[in-house]
Amino acid sequence: MYSKTQTILVIAFLVVFALFLYLPYINVKEFEGEEGRRVLIALQMLENKKFLIPQFLGKPYFTKPPLFNWILAFFFYLTKNFSEFMARAVSSLMALGASIFITYIWKKTLETSKIKTSFWLLLIPALIFLTTPEVIDKAIRAEIDMTYTFIITLALFLWFYFSEIKNKKTLAFITSGFFLGLGILTKTFQALTFFYLAIIPYLFIKKRYKELFSLSHFLGISTYCFVFLVWAIPVNFKVGLIPFIKAWLAEYHTAASTVEVSLMQHLKSFTLSALLGYSPWIFFLILYKNKDFRKKFLNTHPVLKDLALFSICLFAFSYLFYLIFPGSRLRYILPSVGGFVFLVAISNLYFFVYPSKFWQVSFWKYLSYFLAGILLISSLAFFIYIKFHFHQLSLFLYFNLLLLILLCFYFLIRTKNKKSFNFVFLFFVLIVFFVKQIYVSFYYPYHKQRFNYYRKAAAKIAQILEKDIYKNKVLYLCHSIPHHLIYYLKYKIKAINDVKILANCQKLPVNQWVLIPQKYLSDFYLNSKDYQTNYLKIRKKDYFLVKQIK
């Protein structure tokens, strides 16, 4: 049913599609969020040859475990490249890896269900995964989220594959336990949350809750504990494990207690964010209300039904779990995206098998036409706007904008025959693809030209240091650690060789440059002839670069 050639073609297509989707303009925008910190820790591991304990500017960094930093350091070492492109491409590769794994699970599910498939049917879940906006956002950042999502997806669906398809319960728990251990080493014990939010309700619904107390499960627990202890025991001998545990608990507490809005406002914004972050695919979940779909399709394919049930438990309970915490963010539920993807893939499979069902329901017709119409009007309006307000925009932007306009126009004409679902699915994939390309090719260069806070600040500091007669290559920090700025100064521009943190900011080193936030700078420094000061505006914060000259 499935040839090796077809499998190779599917993987090759995913590689090409993912690279074209994620990599354009990935290096144009400067680091933001926690990207600079993640990269600096990885680079310092390579410099100091100390990989066991993450360090940030010479001090142990307890907030996050080290696995993501190890992965970044590995790619930096392998490629001899630590640019924004390489740092972010690591996340893109993780998204690609997750899509290939999802395809494998899908392929095995279809084989077991004896569903005759094709090249495009095999690609359904992977293309949904790769074109989910929330996935795209994290796949082009040098952040932990995409790597963490890949690892948790492996843990969850390897358990499903070995337990439900292969009926090898012990292997299921041990294999998932190994990747759960890696998940703990990536983003602490939250990894266990997703696993148990999925399997506990799933096993209770299946009336197999005794498996939670089985030897197989305890072997799985032993496995993820062992993987964690392989790192934790040496750390305990070095600095003790308590600082890490305290930092992790403090982070949980901060996330839960840092509430900027009311509970009702959080519920609305979280739900709206989920609607936007998982569009347009999230609308296909409505199909699960259809009795014909549930009874005549899912009930005739038990493995597909089990996959749908497991995916519902994973995504729904993860969503509800984080929904009730006002301090949570949408990215917290990203590791459950595998459940979302399989739910949408199964509904799309139904329409591939029975295309007439799609066109018989007014909701699906109007949704498709509405999206095509809105995008067509918006694209034309955007084209007119940029033509009159911007100059020297890239041909890449105009090319993708033109393709989106033609796609929407062609969709409105082509689908009048209403005989096939193939083009509808391809339409949903391509609109996300083109909208993403239009966004990055317009906003990223715009951001670089108009904002580019840390790169500009680094260039200005480099000019000041270049004029210094002492040619000092050390920057001292006081009361602030702008990690993005440090990355650009030390590793991109190479204006400094070292960064040091002042323990006592009241006493500045002579003939050394110190970066001080304005709110910590006394008027004495500004008015004294013994100090040379330079004002810096970095994003929304005011700094002074100060040097005591006497």
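Residues numbered from 1 in each chain as written. Predicted model: local features only at pLDDT ≥ 70, side-chain atom pairs only at ≥ 80, totals over all residues. Heavy atoms only, no water.

## Points about the overall build of the protein chain
Helices and strands together make up the secondary structure of the protein chain, namely 22 helices and 7 strands. In terms of overall dimensions, the protein chain is globule-like: its C-alpha atoms have a radius of gyration of 26 Å, near the 24 Å expected for 550 residues. For the C-alpha atoms alone, the extent of the protein chain along its principal axes is close to 85 × 65 × 50 Å. Taken over 550 residues, the protein chain has a buried fraction of 56%. Counted over contacts in the protein chain with a minimum sequence separation of 6, partners at least 24 positions apart contribute 77%. Within the structure as shown, the protein chain displays about 25,300 Å² of accessible surface, and the carbon and sulfur contribution to it stands at 65%. Across the protein chain, the centroid of the 64 positively charged side chains sits 8 Å from that of the 23 negatively charged ones. (Helix = DSSP H or I, 4+ residues; strand = E, 2+ residues; numbered from the N terminus. Rg over C-alpha atoms; globule rule 2.2 N^0.38 Å. Buried < 20%, exposed > 50% of the residue type's maximum accessible area, 1.4 Å probe, protein only. Contact = heavy atoms within 4.5 Å. Areas by Shrake-Rupley, 256 points an atom, 1.4 Å probe, with all protein chains shown as cover. Lys, Arg positive; Asp, Glu negative; His and termini not counted. Charge placed at Lys NZ, Arg CZ, Asp CG, Glu CD.)

## Points about the pattern of salt bridges
As a working rule, side chains carrying opposite charge can pair if their charged atoms are close by. Tallying each qualifying case throughout the model produces 23 salt bridges. Between glutamate 32 and arginine 141 there is a salt bridge whose closest N-O contact spans 3.0 Å. Taken together, the positions of glutamate 32 in the loop between helix 1 (4–22) and helix 2 (35–48) and arginine 141 in the loop between helix 6 (133–139) and helix 7 (145–165) put the pair 109 residues apart, joining distant regions of the chain. Here aspartate 145 and arginine 331 are joined by a salt bridge, their closest N and O atoms 3.7 Å apart. Of the two residues, aspartate 145 sits in helix 7 while arginine 331 sits in the loop between helix 14 (302–323) and helix 15 (337–353), which places them 186 residues apart along the sequence. The class of aspartate 145 is buried, set by a relative accessible area of 6%. You can call arginine 331 partly exposed: its relative accessible area is 31%. (Salt bridge = Lys/Arg side-chain N within 4 Å of Asp/Glu carboxyl O.)

## Points about the sheet that holds strand 3 (residues 474–477)
On the basis of which strands lie adjacent, the open sheet formed by 5 strands has the order 4-3-5-7-6 and mixed pairing. The open sheet has two free edges, formed respectively by strand 4 (498–501) and strand 6 (531–538), since each of these has just one partner strand. With direction set aside, neighbouring strand axes in the sheet form an average angle of 25°. In the sheet, strand 3 pairs with strand 5 (residues 513–517) via 3 bridges, with the strands oriented parallel. By the bridge assignment for strand 5, tyrosine 476 is matched with valine 514. (Pairing = 2+ DSSP bridges. Axes fitted to C-alpha atoms, helices over the stretch in contact; angles between N-to-C directions.)

## Notes on the pairing of strand 3
Pairing of strand 3 with strand 4, which is carried by 4 bridges, proceeds in the parallel orientation. The residue of strand 4 that forms the bridge with tyrosine 476 is lysine 500. Between the parallel pair strand 3 and strand 4, the chain is carried across by helix 21 (residues 483–492), and the sense of this crossover is right-handed. (Right-handed = clockwise from strand over helix to strand, strands pointing away.)

## Looking at the state of the cysteines
All told, the structure shown has 1 disulfide when counted by the stated rule. With a sulfur-sulfur separation of 2.1 Å, cysteine 478 is cross-linked through a disulfide to cysteine 505. Around the S-S axis, the bridge from cysteine 478 to cysteine 505 shows a dihedral of about 140° and counts as right-handed. Of the two residues, cysteine 478 sits in the loop between strand 3 and helix 21 while cysteine 505 sits in the loop between strand 4 and strand 5, which places them 27 residues apart along the sequence. Residue classification places cysteine 478 among the buried positions, given a relative accessible area of 1%. A relative accessible area of 11% means that cysteine 505 is categorised as buried. (Disulfide = S-S within 2.5 Å.)

## Side note on the nonpolar core
Tyr22, Phe129, Phe157, Trp159 and Ile346 are the most contacted members of the largest nonpolar core, which totals 192 residues. The contacts of phenylalanine 157, once residues within four sequence positions are left out, are Phe101, Ile105, Leu307, Phe310, Ser311, Leu314, Gly338, Gly339 and Phe342. Counting 12 residues, the second largest nonpolar core, distinct from the first, contains Tyr476, Cys505, Tyr525 and Tyr531. (Core = buried A, V, L, I, M, F, W, Y, C linked by side-chain atoms within 4.5 Å.)

Function cannot be inferred from these measures alone, as they are strictly geometric.
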